[in-house]
Amino acid sequence: MQNFVYYAPTKVVFGRDAEKKTGALIREQGCKKAMVVYGGGSVKRSGLLDRVLASLDESGVSHIELGGVVPNPRLSKVREGIGLVRREKADFLLSVGGGSVIDTAKAIGYGVPYEGDVWDFYTGKATAQASLPMGCVLTIAAAGSEMSNSSVITNEDGGLKRGCKNDLSRQRFAVLNPELTYSLPPYQTANGAVDIMMHTMERYFTTEKDLLLTDALAEGLMRTVMECAHTLRGDPENYAARANMMWASSLSHNGLMGCGTVEDWASHQIEHELSGMFDCSHGAGLAAIWASWARYVMDADCARFARFAVNVMGVPRGADDRATAERGIAAAEDFYRSIEMPTNIRELGYELSGEQINELAEKCTYYGTRTIGSFKKLGREDIVKIYEMARG
Ligand code: NZQ
Ligand code: ZN
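Residues numbered from 1 in each chain as written. Chains lettered and ligands numbered in written order. Predicted model: local features only at pLDDT ≥ 70, side-chain atom pairs only at ≥ 80, totals over all residues. Heavy atoms only, no water.

Draft legend 1. Spatial organisation of the state of the cysteines. Summed over the entire model, instances satisfying the criterion amount to zero disulfides. Take C280: it sits in no disulfide, and the sulfur closest to it among the cysteines is that of C364, at 13 Å. Taking the relative accessible area as the measure of exposure, C280 reaches 5% and is therefore buried. (Disulfide = S-S within 2.5 Å. Buried < 20%, exposed > 50% of the residue type's maximum accessible area, 1.4 Å probe, protein only.)

Pasting the structure below:
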């Protein structure tokens, strides 16, 4: 087990009607003027935005709005938000939405006190030293941004999707009302299930040993997400399933599942290039490449994949770890199919050309300057092979 630091400072306010406390939560932070960030309109249609604004009014928190954040959120919207906060002198950022909205607010938070270009934080040219305080009202269980220290922004100039990790972006509070996710289309619920699972899988597939507790937590979380995803197919307003899925979203990506492990993240890096190029949903993109990644790297530690097969996918243990591992990967693909997620890039809706594969691999290695993954280190040629296997 590796040494680790576990830091999860976000105050979680969980349950029915939790959004009514939003104004008081902002006041608790000593803030008086919030910029409320939201997406393409779901929070207006559902009436959530009005309820949240009413809560702010009740607590004497004034507000301005920045709507129109799109999935795979764009740098131009971040810049617009930075300008607005500076002009209006807001002192708090409140996200009402999912990962795309929260990530936009995180980037705005870094950008406001910074004199240079906020994109510097996403290229690694600079490290943010300050941020505006922020909190969120979550509407989709998926990205885990509500408790993570990361944000992912797409620069329209070149379709570059890049992440930035910094504890300054931790939300001061996360309002988690599972009922707010009842209105999700089945496709978004399924995307979320895949992403939540993957945030744990990226930490679980490690060559580290003796992770008795972390492994047990991870396996329980993954089984729970699969069960809830199946329940929600036929019963989207099942409170217990929505609630467990939402809590899994936060716990999967707040660091708990990585305590003591060496994390991998190759599948995420490979997927981010896909959603950077095609603007596909992140969860579906992960489903489309995961099994190819798994088959490519499994020989680095077949026993680990066999454990996943038995303890997560419910596959009977065979005499041979490799065969058990292979059955576990196939079972994960069956799970994706059962919630109508793709298992390759063709099913995701794209026919990849050789030229596109080369471009994706180039970008994924930051133009030859890095390898990805730790379960098995992957260079450009490995990444090309995984895209080829995932082509379908
Ligand atoms: O824009 P609106 O109209 O609100 O619609 C959204 C959007 O179209 C809709 N939606 C959200 N809540 C809803 C709803 N529709 C009906 N009812 C509701 N209650 O769902 C769509 C997707 O929203 P988005 O915020 O994009 O989803 P998600 O939370 O999956 O976020 C995805 C983004 O997060 C990044 C991804 O790469 C992607 O850009 N990630 C962020 C991470 C982080 N910050 O820690 C980690 C992840 O690995 C991930 O990379
Ligand atoms: Zn993810």
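Draft legend 2. Molecular detail of the UniProt feature "domain: Fe-containing alcohol dehydrogenase-like C-terminal" (unreviewed entry) in the chain. Per the UniProt annotation, the sites labelled "domain: Fe-containing alcohol dehydrogenase-like C-terminal" (unreviewed entry) are residues 189-390. Summarising residues 189-390: 67% helix, 0% strand, and an end-to-end C-alpha distance of 23 Å. (UniProt positions renumbered as here; feature names shortened; annotations may be inferred. Helix = DSSP H or I, 4+ residues; strand = E, 2+ residues; numbered from the N terminus.)

Draft legend 3. Up close: the coordination of the zinc ion (ligand 2). D195 (OD), H199 (NE2), H268 (NE2) and H282 (NE2) make up the full set of protein donors to the zinc ion (ligand 2), lying at 2.0 to 2.2 Å. Written as a sequence motif, the donor residues of the zinc ion (ligand 2) are D-x3-H-x68-H-x13-H. Linking D195 in helix α7 (residues 186-204) with H268 in helix α10 (residues 266-278), this pair joins segments that are 73 residues apart in sequence. (Donors = N, O, S within 2.8 Å, 3.2 Å for Na, K, Ca; no water.)

Draft legend 4. Quick look at the sheet that holds strand β3 (residues 62-66). As summarised here, the arrangement of the six strands in space is β1-β8-β5-β4-β2-β3, forming an open sheet in which the pairing is parallel. The open sheet has two free edges, formed respectively by β1 (11-14) and β3, since each of these has just one partner strand. On average, each strand axis in the sheet is inclined to that of its neighbour by 20°, with strand direction left out of account. Across two bridges, strand β5 (residues 134-138) lies against strand β8 (residues 173-176) in parallel orientation. Residue pairing across strands places C136 opposite A174, the latter belonging to β8. Across the sheet, helix α4 (residues 75-88) lies against β2 (33-38), β3 and β4 (92-97), angled at about 155° from β3, the strand it touches most. Against the sheet, helix α9 (residues 239-252) touches β1, β5 and β8, its axis set at about 175° to β1. (Pairing = 2+ DSSP bridges. Axes fitted to C-alpha atoms, helices over the stretch in contact; angles between N-to-C directions. Contact = heavy atoms within 4.5 Å.)

Draft legend 5. Looking closely at the pattern of salt bridges. For the structure shown, the criterion picks out 26 salt bridges. Note that D279 is salt-bridged to R74, the shortest N-O span being 3.2 Å. Of this pair, D279 sits in the loop between α10 and α11 (282-297) while R74 sits in the loop between β3 and α4, placing them 205 residues apart in sequence. According to the relative accessible area criterion, R74 is partly exposed, its value standing at 22%. When salt bridges with common partners are traced through the structure, they connect D215, E219, R304 and R307 into a single cluster. (Salt bridge = Lys/Arg side-chain N within 4 Å of Asp/Glu carboxyl O.)

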